[in-house]
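Listed below are the residues making up each chain.
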Amino acid sequence: MLALATLENWYITGLNVQSAYLYGKLDKEIYMEQPEGFAVPGQEHKVLRLWHALYGLKQAGLAWWRTLDESLKELGFECLKSEAGIFFYKKKGTNIVIGIIYVDDMLFCGPNKAVVDAIKAQFMCKWECRDLGEPNEFLQMRITRKGRAIHLDQCVYLQKVVERCGMLNAKSTSTPLPAGYYAAKNTEPVDVDLHSRFQMVIGSFLYLMLGTRPDIAFAVTHLSRHAANPSQDHLNKAPYICRYLIGTSTYSLVYNGGSGAGLIACTDSDWGSDPTSCLSQTGFYLQLADGLISWTSCVQKTIAYSSTEAEYMALSDCACQVTWI
């Protein structure tokens, strides 16, 4: 959506709903004990019925989403059928307004600033919100707008990951993994402590990879296949990715609105690169406005009997994503 916004030179503004889950209306009878220190004297044995959700309640997320969906529809928005987090407002004689929603973080964008701000003001009348103005950050991704270009990075989050891994003074590497490295399956029993540490590190890398770092997609997915039972070797290779990220910490995705570049897809595969299963590796990416908007690196589901067949499998997966976009 950010790539599309810069291509169309749209105005973008953001907001955050304060204590969003507390607005969620409950459709079932749920009771809770009176909070300690707030019990009604003489009625301590009674319980409270909840009319709205609370943080920690299993239904809270769904209850808030239903309430939000109902509220946006009252404002004239419709939910995009292919993507639940995108809402669009389009009435005859007015410009379109797009709402990008993730729980309580929201971006509104459109070609007409006055229309976008008017819709945003109506929304803020319904909930207690914090006006973010032109957004600098969304889901821990920093947004920098320079003319017709948008730069997207996770430098701040990456710094936290490096600190968490205790590698602030580590030397950088030029590749995410050593050349030719293969993560062999661990046949030993699960080490609970090692398992927890490995999942913490790989989970941090996964968020970076999914957000703005397609260059570590192969390395992260290759190691994450062993998340259920990692070995010490797998854990030792995880900091190697961190060292690569240290050397490339300023990398960002750049969407160039002035390029006018439409949707471009590229795909490739190897053949039988996994020495254990003989499965091949698929990789593809999609570009819009000269910047990547979607990427995948994954093992193919079945064995290819030729490099041509492996390429066709990769092409098929890429074509599915292109069709959906």
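Structural notes, computed from the coordinates. (Residues numbered from 1 in each chain as written. Predicted model: local features only at pLDDT ≥ 70, side-chain atom pairs only at ≥ 80, totals over all residues. Heavy atoms only, no water.)

A word on the overall build of the protein. On a plain count of helices and strands, the protein comes out with eight helices and 15 strands. Looking at the protein as a whole, 40% of its 325 residues qualify as buried. Long-range pairs, those at least 24 residues apart, make up 66% of the contacts in the protein between residues at least 6 apart in sequence. Looking at the protein as shown, the accessible area adds up to about 17,900 Å², and 55% of this sits on carbon and sulfur atoms. Charge centroids of the protein, computed over 29 positive and 32 negative side chains, lie 4 Å from each other. (Helix = DSSP H or I, 4+ residues; strand = E, 2+ residues; numbered from the N terminus. Buried < 20%, exposed > 50% of the residue type's maximum accessible area, 1.4 Å probe, protein only. Contact = heavy atoms within 4.5 Å. Areas by Shrake-Rupley, 256 points an atom, 1.4 Å probe, with all protein chains shown as cover. Lys, Arg positive; Asp, Glu negative; His and termini not counted. Charge placed at Lys NZ, Arg CZ, Asp CG, Glu CD.)

Membership of the largest hydrophobic core comes to 49 residues, with the highest contact counts inside it found for F205, L208, I216, L223 and I241. The element contributing the most residues to this core is helix α5 (residues 192–211), with seven residues. Setting aside residues up to four positions removed in sequence, F205 forms contacts with V161, I216, V220, A238, I241, C242 and L245. The next biggest cluster of nonpolar side chains, apart from the first, holds 20 residues, and it includes Y11, L75, F77 and I119. (Core = buried A, V, L, I, M, F, W, Y, C linked by side-chain atoms within 4.5 Å.)

Let us look at the environment of Y21. Tracing the backbone through its elements, the reader meets Y21 in the loop between β1 (11–17) and β2 (31–33). Separated by 259 residues in the primary sequence, Y21 and S280 place their C-alpha atoms 44 Å from one another. Each residue touching Y21, except ones within four places of it in the same chain, is listed here: A53, Y55, A60, G61, W64 and V103.

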